[in-house]
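Okay, here's what each chain looks like letter by letter:
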Amino acid sequence: MTVDVLTHDEETASAPVSAPVPASEVPADEATESESASPAPSSEGSPEPAAEEAPKPKRGRPKGAATASTAKKTRTVELTLTVTGTADGEWQAELKNGSKWVAKGLEIPAAAVSRAAKELHADLSGPIDEVINQAREAQAAKVAALEAELEKAKQALAELDA
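Residues numbered from 1 in each chain as written. Predicted model: local features only at pLDDT ≥ 70, side-chain atom pairs only at ≥ 80, totals over all residues. Heavy atoms only, no water.

**Focus: the overall build of the protein chain**
Defined as follows: Elements are defined by DSSP. Helices are runs of H or I of four residues or more, strands are runs of E of two residues or more, and each kind is numbered from the N terminus. Relative accessibility decides the category of a residue: with a 1.4 Å probe and only protein chains considered, values under 20% of the type maximum give buried, values over 50% give exposed, and everything between is partly exposed. Values of accessible area rely on a 1.4 Å probe in the Shrake-Rupley scheme; residue burial ignores everything except the protein chains shown.
Counting its secondary structure elements, the protein chain contains five helices and three strands. N-terminal to C-terminal, the α/β element order of the protein chain is α-α-α-β-β-β-α-α. By the burial criterion, 8% of the 162 residues in the protein chain qualify as buried. Carbon and sulfur atoms form 56% of the exposed surface of the protein chain, whose accessible area is close to 14100 Å².

**Concerning the packing of helix α4 (residues 110–120) against helix α5 (residues 122–161)**
Defined as follows: Here an angle of 0 to 180 degrees is reported between the N-to-C directions of two axes, which are lines fitted to C-alpha atoms, with helices fitted over the stretch in contact. Note on angle classes: values under 35 degrees are labelled roughly parallel, values over 145 roughly antiparallel, values of 65 to 115 roughly perpendicular, and the remainder oblique. Handedness of a crossing follows from how the near helix is turned relative to the far one, being left-handed for an anticlockwise turn of less than a right angle and right-handed for a clockwise one. A contact between two residues is defined here by any heavy atoms of the two lying within 4.5 Å. Under the scheme applied here, ten amino acids are nonpolar (Ala, Val, Leu, Ile, Met, Phe, Trp, Tyr, Cys and Pro), four are charged (Asp, Glu, Lys and Arg), and all others, including Gly, are polar.
It is the contact of α4 with α5, at a shortest axis distance of 8 Å, that shows an interaxial angle of 160 degrees. Compared by their axis directions, α4 and α5 come out roughly antiparallel. As for how α4 packs across α5, the hand of that crossing is left-handed. In this structure, α4 contributes A110, V113, S114, A117, K118 and L120 to the contact, and α5 contributes L124, S125, I128, D129 and I132. Residues of the contact of α4 with α5, tallied by class, amount to seven nonpolar, two polar and two charged.

**What about the environment of V102?**
For V102, the position within the fold is in strand β3 (residues 100–108). Taking C-alpha positions, V102 is 9.5 Å from L79, a pair spaced 23 residues apart along the chain.

**Points about α5**
Spelled out, the test is: To estimate how far a helix should reach, multiply one less than its number of residues by 1.5 Å.
Given a rise of 1.5 Å per residue, 40 residues ought to cover 58 Å, and the 57 Å separating the end C-alpha atoms of α5 matches this to within 8%. The complete set of buried residues in α5 reads S125, D129, I132 and A135. The elements touched by buried residues of α5 are β2 (91–97) and α4.

**Section: the sheet that holds β2**
Here is the rule: When DSSP locates at least two bridges between a pair of strands, those strands are taken to pair.
The antiparallel open sheet is built from three strands, whose spatial order is β1-β2-β3. On the outer flanks of this sheet lie β1 (79–85) and β3, each paired with one strand and no other. Geometrically, the sheet is characterised by an average inter-axis angle of 15 degrees between neighbouring strands, direction not taken into account. The pairing of β2 with β3 spans six bridges and is antiparallel. Bridged to L95 within β3 is A103.

**Some thoughts on the pairing of β2**
Relative to β2, β1 runs antiparallel, the two sharing seven bridges. From the neighbouring strand, T84 faces β2, where its bridge partner is Q92. Between the end of β1 and the start of β2, which pair antiparallel, lie five residues, with G89 showing a positive phi angle near 90 degrees. Hairpin connection of β2 to β3: two residues between the antiparallel strands, including G98 at a positive phi of 70 degrees.

**Overview of the side chain of D129**
Condition: For the purpose of charge, His is not counted, nor are the chain termini; Lys and Arg are scored as positive and Asp and Glu as negative. Put simply, a salt bridge is a Lys or Arg side-chain nitrogen that is within 4 Å of an Asp or Glu carboxyl oxygen.
You can see D129 is positioned in helix α5. For the buried D129, no salt bridge is present, and the opposite-charge side chain at shortest range is K118, 4.1 Å distant. Those residues in contact with D129 that sit more than four places away from it in its chain are S114 and K118.

**Some points on the side chain of S114**
Here S114 is to be found in helix α4. If we skip the residues at most four places from it in the chain, S114 touches D129 and I132.

**Observations regarding α4**
Test applied: Relevant arc is that of directions from the helix axis to the C-beta atoms, nothing else.
Along α4, the residues classified as buried are V113, S114 and A117. Down the axis of α4, the smallest arc covering the buried residues is 100 degrees, so these residues share one side. Exposed residues on α4 whose side chains face more than 90 degrees from its buried face are R115 and E119. Next to the buried residues of α4 lie β1, β2, β3 and α5.

That is the geometry; function is a separate question.
Right, dumping it as structure tokens:
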């Protein structure tokens, strides 16, 4: 660090004033001398003029850096696909592009939902397959109950015919 101090006599001299030199550019022996040197009091007792300091650098990026950016700019598209299923195994899909609906209430088969989930990611296919299997079991139970009811109805019809 260097400190340049001018006295009244030096100000009137025609010698140019040098700008402060960064500490990294000053030889080691001069750096210790300039750091330990204290300003000499003036003979007039008036305060000494302060040395001019270099303006502080502004924070942030320089303005030219914004135009020379090498960051890759990618265009993103916001599409929202919502797939909903019921306990009965009925599945619907809705597609939205930003805030505009592209398709609403499209019925899709459970097998297509299962295949799509497997293609997308294993973490998606597991829970979806569980829901589909529960719906399959519920439908199988419903079929069994209806078959039992059908058998009772057939027996009642046979008794009436006899």
